[in-house]
Amino acid sequence: MAKESKILGIDIPPDLEKRIFISLFFIALLCSSIMSLPVVLQPIYLENVIGISSASMGKINSFMLVMVQIATMIFIGIFGILSDRYGRRRMLITGLYAVAILLPAFGYSKEVGLFLEMDILLCVFIFRFLLAIAIACTWPLTITLIADYTYVKNRGKGMSIVGFMIGIGTVVAYALFPQLPKNIGVINVFLLGSLISLFAATVAKIGLVDRMPETKGNHKSNIKDIFQTLKKNPGLQISYASNFISIGGSVLLGLVIMIWVLKAAEEASFSAAQATAKGGIIMVFFSLVSILVIPLWGILIDKWGRMTVLALSLLLTGTGFSLICLISDPFAYPLMLCVSLYGLGYGGLAIAPQTIASDLSPKELLGGILGGLHTVGTIGIILFVQIGGLIFDHVGPS
């Protein structure tokens, strides 16, 4: 009997090849870097290209953030359902082509607005909304594809590698893209992102395949089926609830820390710029901890079980958040310890809900179930940020 092929501890099914997994991991990295690009460039783009004043920068950036989350919330689940009908590979390639078109379109919003005699800012909003929709049809499908490609026994490892690559792509984007505008200009960075998206689409076209149930062409995945499945399956309900908490909580943590350091800057004799830099260091540390432990959680998910890892991850994040209540100085080292504890748990929460949902979902509904999982996470971001902001203003950071 031939020895079964493996890649990074993942059993490769007989109908797949190692190159397919390598292509998927690489595409996950590219997709996450593309996803981060407009977020990284948005402030300098609005200021230098569109000409937004510093007085209006905060409210316009905030509005665009909410707009992006709404677009993601609405369409990420729809694309999951469509991937059950038409295939993940086709949807992913379509999304990457759309991003390749919309990134430069967003960059040239001012010129488009002038040509069409439209309000320039309205043009910026329209293209940013469309870009958010296109991005929602990229990185989530890499998670659905790894669920299609893996057996239950080592799916945790597969999810962890894709999650790790998504995290690395984000870090690379935040490290690289902010340095480029001073050398090549803001618009050329958008064009570079377009080329990266086209390259990712080419890799997907050559390197990926669909591995879906025979019912793909006959069964029409729909929202009603997804709700019925969720209603009957407590495990799926737990995965949705934990994703709602973890995604919303991580964004809230970043928001609270960045506002907190600014609020405490004067008392600590720091300028606003110095305080912001220190807050950024804390969040970079959190990101690195959570990304680096993802592969370990992937191994533990397959060894200890999904629910055990989920419970432990929730315990660590909950403890980290709770201990922040005891801290009065955001610049003190104890906050770093709390954030580290939260990051350790968040690494597990980045993959455990998705692994549980993939295991428990009917195969013909997998795309829709995972799309719904991402939708719930986006709702968590919106609610946690709004509620957290009110609590911060009326009660205090800790």
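Here, every reference points to the structure presented above.
Here is what the cut-offs are and how they apply
- Residues numbered from 1 in each chain as written.
- Predicted model: local features only at pLDDT ≥ 70, side-chain atom pairs only at ≥ 80, totals over all residues.
- Heavy atoms only, no water.
- Helix = DSSP H or I, 4+ residues; strand = E, 2+ residues; numbered from the N terminus.
- Buried < 20%, exposed > 50% of the residue type's maximum accessible area, 1.4 Å probe, protein only.
- Contact = heavy atoms within 4.5 Å.
- Areas by Shrake-Rupley, 256 points an atom, 1.4 Å probe, with all protein chains shown as cover.
- Lys, Arg positive; Asp, Glu negative; His and termini not counted.
- Charge placed at Lys NZ, Arg CZ, Asp CG, Glu CD.
- Salt bridge = Lys/Arg side-chain N within 4 Å of Asp/Glu carboxyl O.
- Core = buried A, V, L, I, M, F, W, Y, C linked by side-chain atoms within 4.5 Å.
- Phe/Tyr/Trp six-rings, centres within 6.5 Å; stacked < 30°, edge-to-face > 60°.
- Patch = residues over 30% accessible without salt bridge, like charges linked within 9 Å, V, L, I, M, F, W, Y side chains within 5 Å.
- Axes fitted to C-alpha atoms, helices over the stretch in contact; angles between N-to-C directions.
- Parallel < 35°, antiparallel > 145°, perpendicular 65-115°, else oblique.
- Left-handed = near helix turned anticlockwise from the far one by under 90°.
- Nonpolar A, V, L, I, M, F, W, Y, C, P; charged D, E, K, R; others polar.
- Expected span 1.5 Å × (residues − 1).
- Bend = angle between axes of the 7 residues up to and from the residue.
- 1 Å grid on protein atoms, 1.4 Å probe; cavity = no way out; pocket = protein on both sides within 12 Å on 5 of 7 lines; lining within 4 Å.
- Points joined across faces, edges and corners; volume = space filled by probe spheres on them.

A.B. asks: What am I meant to see in the overall build of the protein chain here?
C.D. replies: Scanning the protein chain from terminus to terminus reveals 17 helices and two strands. Its C-alpha atoms give the protein chain principal-axis dimensions of roughly 70 × 55 × 40 Å. The proportion of buried residues among the 398 residues of the protein chain is 52%. Considering only residue pairs separated by 6 or more positions, the protein chain has 81% of its internal contacts joining residues 24 or more positions apart. Working note: accessible area of the protein chain is about 17900 Å², and carbon and sulfur atoms make up 69% of it. Between the centroid of the 27 positive side chains of the protein chain and the centroid of its 20 negative side chains there is a distance of 7 Å.

A.B. asks: Hey, could you run me through the side chain of Ser250 in this one?
C.D. replies: With respect to the element layout, Ser250 can be found in helix α11 (residues 234–263). Under the relative-accessibility criterion, Ser250 is labelled buried at 10%. Among residues more than four places away in sequence, those in contact with Ser250 are Phe286, Tyr342 and Tyr346.

A.B. asks: Looking at this model, I keep getting lost on the pattern of salt bridges. Mind explaining?
C.D. replies: It is possible for side chains bearing opposite charge to pair when their charged atoms get close. Per the counting criterion, the structure on display carries ten salt bridges. Its salt-bridge partner being Lys153, residue Asp11 comes within 2.9 Å of it at the nearest N-O pair. Of the two residues, Asp11 sits in strand β2 (residues 10–11) while Lys153 sits in the loop between α6 (139–149) and α7 (155–176), which places them 142 residues apart along the sequence. The exposed category is assigned to Lys153, whose relative accessible area is 54%. Within this structure, Arg155, Lys157, Asp302, Arg306 and Asp359 form a network of salt bridges that share partners.

A.B. asks: Can you walk me through the nonpolar core in this structure?
C.D. replies: Side chains of nonpolar character tend, in soluble globular proteins, to be buried together. Phe21, Phe25, Tyr45, Leu46 and Leu92 are the most contacted members of the largest nonpolar core, which has 99 residues in total. Here this core takes 17 residues from helix α1 (residues 18–50), the largest share from any one element. In contact with Phe25, other than residues within four places in its own chain, are Ile7, Leu8, Ile10, Ile146, Ile161, Val162 and Met165. With 16 residues, the next largest nonpolar core counts Val261, Ala265, Met283 and Val339 among its residues.

A.B. asks: Teacher, can you tell me more about helix α13 (residues 294–304) here?
C.D. replies: In an α-helix, one turn spans 3.6 residues, which is why side chains three or four residues apart end up on the same side. Those residues of α13 not exposed but buried are Ile294, Trp297, Gly298, Leu300, Ile301 and Asp302. Packing partners of the buried residues in α13 comprise α7, α12 (272–292), α14 (306–324), α15 (333–349) and α16 (352–360). Gly305 occupies a position one or two residues after α13 and carries a positive phi of about 110 degrees.

A.B. asks: Please explain the packing of aromatic side chains as it appears in this structure.
C.D. replies: For any pair of aromatic rings, the description rests on two quantities: the centre-to-centre distance and the angle between the ring planes. A full pass over the atoms with the stated rule returns 14 aromatic pairs. On the numbers, 5.9 Å between centres and 80 degrees between planes, the contact of Phe26 with Phe199 is edge-to-face. One end of the pair, Phe26, is in helix α1; the other, Phe199, is in helix α9 (residues 186–207), with 173 residues separating them in the sequence. The class for Phe26 is partly exposed, based on a relative accessible area of 33%.

A.B. asks: What exactly am I supposed to notice about a nonpolar patch on the surface here?
C.D. replies: Taken together, the side chains of Phe115, Leu116, Met118, Leu122, Ile126 and Leu130 make up a nonpolar region of the molecular surface, amounting to roughly 560 Å² of accessible area. Taken together, the elements giving at least two residues each to the nonpolar patch come down to α4 (109–116) and α5 (120–135). Per element, the largest residue contribution to the nonpolar patch is three residues, and it comes from α5. Summarising the element assignment, Leu130 is placed in helix α5. Assessed through its relative accessible area of 36%, Leu130 is described here as partly exposed.

A.B. asks: Teacher, can you tell me more about the packing of α11 against α16 here?
C.D. replies: The relative placement of two packed helices comes down to the angle between their axes together with the axis-to-axis distance. Running from N to C, α11 and α16 cross one another at 155 degrees; their axes reach a closest spacing of 9 Å. Taken together, the axes of α11 and α16 lie roughly antiparallel to each other. Between α11 and α16 lies a crossing of left-handed hand. Within the contact between the two elements, α11 uses Gly235, Leu236, Ser239, Ser242 and Asn243 and α16 uses Pro353, Ile356, Ala357 and Leu360. Here the residues of the contact of α11 with α16 sort into five nonpolar, four polar and no charged.

A.B. asks: I keep staring at helix α2 (residues 54–86) and nothing clicks. Help me out?
C.D. replies: Across its 33 residues, α2 extends 45 Å between first and last C-alpha, which sits within 8% of the 48 Å expected from 1.5 Å per residue. Along α2, the largest kink reaches about 30 degrees and is centred on Phe75. Two residues or fewer after α2 comes Gly87, characterised by a positive phi angle close to 100 degrees.

A.B. asks: Can you help me understand empty space enclosed by the protein in this one?
C.D. replies: Gaps left between atoms are located by rolling a probe of water-molecule size over the structure's atoms. The final tally for this structure, using the stated rule, is two cavities of 30 Å³ or more. In this structure, the second largest cavity spans a volume of roughly 40 Å³. Around the second largest cavity, the lining residues are Ile76, Phe79, Gly80, Ala136, Pro140, Leu141, Thr144, Gly367, Gly371 and His374. For the lining of the second largest cavity, the residue count by class is five nonpolar, five polar and no charged.

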